[in-house]
Amino acid sequence: MRPDVQRVTVLGAGSWGTAFAKVLGDAGRDVTMWARREEVATDIRERHTNSAYLPGVTLPATITATSDPAEALRAAEAVVLAVPSQSLRANLTAWRDLLPRDAILVSLAKGVELGTLKRMSEVIAEIVGIDAGDVVVVTGPNLAKEIAAGQPSASVLACADHDRAVAIQRACANSYFRPYTNTDVVGCELGGACKNVIALSTGMAAGLGLGTNTMATLITRGLAEMARLGAKLGADPLTFAGLAGVGDLVATCSSPLSRNRTFGERLGRGETLEQAQAAAGGQVAEGVMSCSSIRALAQSVGVDMPITDAMHRVCHEGVDPRQAGAELLGRSQKHEWS
C-alpha cells in the first residue's frame, strides 16, 4: 500500500480543475495549482478565489498557485492533469521532463483524442512513457459549481493499479465528496467521453422545445450506444450502470450547469457553432470535438452509434438539428437490445 499523498499539483485552473483542487484542499492536502495566465494564479494565491472560472467560491488557504510549471511540479506526490482532452497532448509534452518520477498521475479530462482515437490514459502513457494502467482517471457526475459549493457528490477513481486509486481516494475524500474506486479504466473513460456527446443531443432537443419523453429517450438510447462501444472494447457492462455511466450521463444531460447541454441548446435554437462558442466565452464544449473522435472510434470497431453520428453531422457537416432528429426517428425498426 502506498503512503498517504500530501502534496498535490493541479495542472490547469479551469472550473473543474479548481473545484477538484478545492476538494483536495478540503481533504487536508497541500495543493499547488498551475494557471496558464499569471493573473489567474495571482487571484488564487493572494485572494483565495478564481474569479475567472469559479466566481464566488472561497478556496482553502492550503491552495497556492503559480504560472511556472516547474515551480508547480516541484516535490509533487501526485499530479492532476486538468486541461481539455484535445490539448492534453501538447501540454503534457511540454511538462513531461518536469514531472517528479514517482508522482501518481491523475486525469480529469473526458474525451477521445482526435486522430489517434486514444483515451486520455493512453495519451498520458504514451507521452510520459509509463503503463496506461498506472494512470488514475477521475470521472462521474462532476458539475464543478455544485462540488465547489460543497454539495454532496460521488465520483469514480479508475485505475488498473488498485493501490494508486486508493492513494488518491484517501487524498480527496472529504465531508461532501465521496470517491469510489474501479479497475475498469476503459469503461470509465468511455462513459466520461460519450456522455458529453449525448448531452449535446439533449440540449438540442431542449432548444427545439421538446420535452421530457424526448430527453429520456436520448439519455437511455445514448446509454445503449455507450455500452455497445464499451463492450466491444472490453469494458465491464456494469460500469455503465454506475457513476461513470448513468450517473455522469444524467447530470450532464439534465443540468443547466453542463456546458455541453447548454451548448447543444443554443444549436437547437438555431445558433451556429461559432455563435454558440462566442456565447460560451470562446470555449467549445468537449462534446463538439469528441463526437467526431468517438464516431471514428466506433466506426473502426464496427459499432453503430446513431446519436453520436447525428451530433457529428450537426456540428461539423451543417445538418439542421430538426433534420437530424427526423432521421433518428426514421431509422429501421428493431429489437431494443439488438
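Residues numbered from 1 in each chain as written. Predicted model: local features only at pLDDT ≥ 70, side-chain atom pairs only at ≥ 80, totals over all residues. Heavy atoms only, no water.

1. Remarks on the layout of surface pockets
Where empty space is left can be seen by rolling a probe of water-molecule size over the atoms.
Here is step 1 of the chain: If you add up the space inside the largest pocket, you get close to 1,400 Å³.
Here is step 2 of the chain: Counting residues per element, the ones that place at least two in the lining of the largest pocket are α1 (15-26), α6 (144-148), α8 (185-207), α10 (243-254), α11 (259-268) and α13 (286-300).
Here is step 3 of the chain: Here the residues of the lining of the largest pocket sort into 24 nonpolar, 15 polar and 9 charged.
Here is step 4 of the chain: In terms of domain composition, the lining of the largest pocket takes at least three residues from each of domain 1 (7-183) and domain 2 (186-329).
Here is step 5 of the chain: When its volume is computed, the second largest pocket comes out at roughly 760 Å³.
Here is step 6 of the chain: Lining of the second largest pocket is provided by 28 residues; of these, Thr 217, Leu 218, Arg 221, Leu 328 and Leu 329 occupy positions nearest its centre.
Here is step 7 of the chain: Listed by contribution, the elements that provide at least two residues to the lining of the second largest pocket are α8, α9 (212-232), α14 (306-316) and α15 (321-329). (1 Å grid on protein atoms, 1.4 Å probe; cavity = no way out; pocket = protein on both sides within 12 Å on 5 of 7 lines; lining within 4 Å. Points joined across faces, edges and corners; volume = space filled by probe spheres on them. Helix = DSSP H or I, 4+ residues; strand = E, 2+ residues; numbered from the N terminus. Nonpolar A, V, L, I, M, F, W, Y, C, P; charged D, E, K, R; others polar. Domains from an automatic or database assignment.)

2. Considerations on the domain arrangement of the protein chain
Here is step 1 of the chain: Taken domain by domain, the protein chain consists of domain 1 (7-183) and domain 2 (186-329).
Here is step 2 of the chain: Each of domain 1 and domain 2 has a C-alpha centre, and these two points are 24 Å apart.
Here is step 3 of the chain: Contacts between the two partners involve 28 residues from domain 1, matched on the other side by 27 residues from domain 2.
Here is step 4 of the chain: Counting the surface lost from both domain 1 and domain 2, the interface buries some 2,000 Å², and carbon and sulfur atoms represent 68% of this.
Here is step 5 of the chain: If you look at where domain 1 meets domain 2, you find 2 salt bridges.
Here is step 6 of the chain: Across the pair Lys 110 and Asp 248 runs a salt bridge whose closest N-O atoms are separated by 3.0 Å.
Here is step 7 of the chain: Viewed at the interface, domain 2 and domain 1 are joined by 6 residue pairs in polar contact (both at pLDDT 80 or more).
Here is step 8 of the chain: At the level of elements, α5 (120-128), β6 (136-139), α6, β7 (153-158) and β8 (177-182) are the ones that each hand at least two residues to the side of domain 1 that touches domain 2.
Here is step 9 of the chain: Top element by residues in the side of domain 1 that touches domain 2 is β7. It accounts for 4 residues. (Contact = heavy atoms within 4.5 Å. Buried area = accessible area lost by both parts, 1.4 Å probe. Salt bridge = Lys/Arg side-chain N within 4 Å of Asp/Glu carboxyl O. Polar contact = N/O pair within 3.5 Å; in protein donor to acceptor, adjacent residues only side chain to side chain.)

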